[in-house]
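Results of the structural survey
So the chains spell out like this:
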Amino acid sequence: MATAGLKLDDNKSLPFTPNSVKLSAIMTQRIPDNIVRPLNALTFDVEDYFQVAAFDAAIDRNSWDRLPLRVEKNTLLLLELLARHQVKATFYILGWIAEKVPGLVREIAECGHEVACHGYGHKLVYHQSPQEFRDETRRSKRILEELIQAPVSSYRAASYSITRESLWALEILAEEGFTTDSSIFPIRHDRYGLKGGPRQPHLVRLPSGRQLLEFPISTIRALGVYLPVSGGGYFRLYPYRLSRYLARRINAGGQPFVFYLHPWELDPEQPRIENVGPLTRFRHYNNLRRCHARLNRLLCDFSFSTVSESIRADYPDLDRLPVHCYGEYRLASA
Ligand SMILES: [Zn+2]
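Remember, predicted model here, so these are calculated numbers, not experimental data.

Observations concerning the overall build of the protein chain
The secondary structure content of the protein chain amounts to eleven helices and 14 strands. For the protein chain, whose C-alpha radius of gyration is 19 Å, the value lies close to the compact-globule estimate of 20 Å for 334 residues. Expressed along its principal axes, the backbone C-alpha trace of the protein chain runs to roughly 50 × 45 × 40 Å. Within the protein chain, contacts between residues separated by at least 24 positions form 77% of all contacts whose residues are at least 6 apart in sequence.

Here it is as structure tokens:
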């Protein structure tokens, strides 16, 4: 197994694309078994298979209403798995989905999970004006709060689309009443990423003086690059033992990691979308069949809870979190 090849043509920042590398080249550190185990953040982005950003050009938004919804069935499957493991998670839910299946949002909340906001219509933040972003975020937050009759204070952007070009969105999130964000992916990628950004949870000091707690998508340095250790397509791409090794390395350093999946990643029977390129097809459909069993193993191997609980447990004194300024930026509408 040590010679198992790993194809990593999923990320343009990796130097070995698209060739294979041996796992033994990455898995070089011995991690002791008796490490203190931080409480990691388990998250799900609740959208359906036809709403992913990679299908934007292939699927007209106006056709969403006519496509068969599978998100409810897939999310209920997730809730069942989480109940079996007695673990809570944060669900970043699209306002569009909440309107279609309001009972699902209530069910998620009634199971004790954290309901959080994934925007309304899965538009990339850097494709919106600040005013559009504010309007759609506010609309989604209001829909979710009315359904669960409780405040929604945690946010994640569609496809992690808070990048250098859209840092202004953080200020709007704080103004709209969000206290926590998990939208920044500190890597280089063709659709998202803020290369060089802090990799651990931190407080963002905004130009207005407000603060926002950022839990960036987890990465770790290996082979001279930052590898995502975070879920989604990477979790389906990597052999499970590589995902576990990388995540354990983060925990061995005393830090929690954030893990994410989408309900459609547990659904190998979803309708296939035509008219997409081979890379998009690979990223979306690779190893869907293995995902449920892998998630089951991950839930056995690590401690998880919601983003809020993970922060509370691992950083009881928020004042001791590192503070980061992303540099001065102006609202484009100012
Ligand atoms: Zn999403």
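That covers the picture; the talk isn't over yet.
Quick look at the pairing of strand 9 (residues 211-214)
Where strand 7 (residues 180-181) meets strand 9, two bridges bridge the pair, whose relative direction is parallel. The residue of strand 9 that forms the bridge with Asp 181 is Glu 214. Both strand 8 (residues 202-205) and strand 9 contribute to a ladder of four bridges, which runs antiparallel. Its bridge partner being in strand 9, Val 204 is matched across the sheet by Leu 212. Between strand 8 and strand 9, which pair antiparallel and follow one another directly, the connecting turn spans five residues, one of which, Gly 209, has a positive phi of 100°.

Looking at the nonpolar core
Grouped together as the largest cluster of nonpolar side chains are 76 residues, with contacts concentrated most on Phe 91, Ile 93, Leu 144 and Ala 169. Discounting chain neighbours no more than four positions away, the residues touching Ile 93 are Val 46, Ala 98, Val 105, Val 115, His 118 and Leu 144.

Brief notes about helix 2 (residues 71-85)
The end-to-end C-alpha separation of helix 2 is 21 Å, in line with the 21 Å expected for 15 residues at 1.5 Å each. Every buried residue belonging to helix 2 is among Val 71, Asn 74, Thr 75, Leu 78 and Leu 82, and all of these are buried. What you see down the axis of helix 2 is that its buried residues fit within an arc of 95°, all on one side. Exposed residues pointing more than 90 degrees away from the buried face of helix 2 are listed as Glu 80, Ala 83 and Arg 84. On the buried face of helix 2, the contacting elements are strand 3 (40-46), helix 3 (95-100) and helix 4 (102-110). Phi turns positive, to about 50°, at Gln 86, one or two residues after helix 2.

Quick word on the packing of helix 4 against helix 5 (residues 130-148)
At a minimum axis distance of 9 Å, the contact between helix 4 and helix 5 shows a crossing angle of 65°. Regarding helix 4 and helix 5, the two cross each other, and that crossing is right-handed. In this structure, helix 4 uses Pro 102, Val 105, Arg 106 and Ala 109 to contact helix 5, whose residues at the interface are Leu 144, Leu 147 and Ile 148. Taken together, the residues of the contact of helix 4 with helix 5 break down into six nonpolar, no polar and one charged.

Quick word on the confidence of the model for the protein chain
Regions with low pLDDT carry predicted coordinates that are not meant to be interpreted in detail. Summary statistics for the protein chain give a mean pLDDT of 88 and a share of 90% for residues scoring 70 or more. In the predicted structure, residues 1-19 sits below a pLDDT of 50 and forms 38 contacts with residues beyond four places in sequence or in another chain.

Some details on unusual backbone geometry
If you check the backbone angles, Tyr 160 has positive phi at about 50° while not being a glycine. Residue position: Tyr 160 is located in the loop between strand 6 (154-155) and helix 6 (168-175). Judged by the 27 C-beta atoms lying within 10 Å of it, Tyr 160 is buried.

Here we look at the environment of Arg 236
With respect to the helices and strands, the residue Arg 236 is situated in helix 7 (residues 232-237). With 53 residues separating them along the chain, Arg 236 and Arg 289 place their C-alpha atoms 9.2 Å apart. Not counting the four nearest positions on each side in its chain, Arg 236 is found in contact with Glu 265, Asn 286, Asn 287, Leu 288, Arg 290 and Cys 291.

Comments concerning the environment of Asn 296
Mapped onto the elements of the fold, Asn 296 is located in helix 10 (residues 288-301). Classification of Asn 296 as partly exposed rests on a count of 13 C-beta atoms within 10 Å. Counting along the chain gives 173 residues from Asn 296 to Lys 123, while the straight-line C-alpha distance between them is 31 Å.

Focus on the packing of helix 5 against helix 6
Orientation of helix 5 relative to helix 6, taken along the N-to-C sense of each, is 35°, at an axis distance of 10 Å. Here the hand of the crossing between helix 5 and helix 6 comes out right-handed. Along the contact surface, helix 5 presents Pro 130, Phe 133, Arg 134 and Thr 137, while helix 6 presents Trp 168, Ala 169 and Ile 172.

Here we look at the environment of Ala 58
Along the chain, Ala 58 turns up in the loop between strand 3 and helix 2. Classification of Ala 58 by C-beta neighbours within 10 Å gives partly exposed; the count is 13. As for Ala 58 and Gln 86, which are separated by 28 residues in sequence, their C-alpha atoms are 39 Å apart.

Observations regarding helix 4
All of the buried residues in helix 4 are Leu 104, Val 105 and Ile 108. Down the axis, helix 4 shows its buried residues gathered within 100° of arc, on one side only. Among the exposed residues of helix 4, those pointing more than 90 degrees away from its buried face are Gly 103 and Glu 110. Looking at the buried side of helix 4, the elements it contacts are helix 2, strand 4 (90-93), helix 3, strand 5 (114-117) and helix 5. Taken from the residues just after helix 4, Gly 112 is the one with a positive phi, measuring 95°.

Rules and cut-offs
Residues numbered from 1 in each chain as written. Predicted model: local features only at pLDDT ≥ 70, side-chain atom pairs only at ≥ 80, totals over all residues. Helix = DSSP H or I, 4+ residues; strand = E, 2+ residues; numbered from the N terminus. Rg over C-alpha atoms; globule rule 2.2 N^0.38 Å. Contact = placed C-beta atoms within 7 Å. Pairing = 2+ DSSP bridges. Core = buried A, V, L, I, M, F, W, Y, C linked by C-beta atoms within 7 Å. Buried ≥ 20, exposed ≤ 12 C-beta atoms within 10 Å, placed from the backbone. Expected span 1.5 Å × (residues − 1). Arc of directions from axis to C-beta. Axes fitted to C-alpha atoms, helices over the stretch in contact; angles between N-to-C directions. Left-handed = near helix turned anticlockwise from the far one by under 90°. Nonpolar A, V, L, I, M, F, W, Y, C, P; charged D, E, K, R; others polar. pLDDT = per-residue confidence, 0-100.

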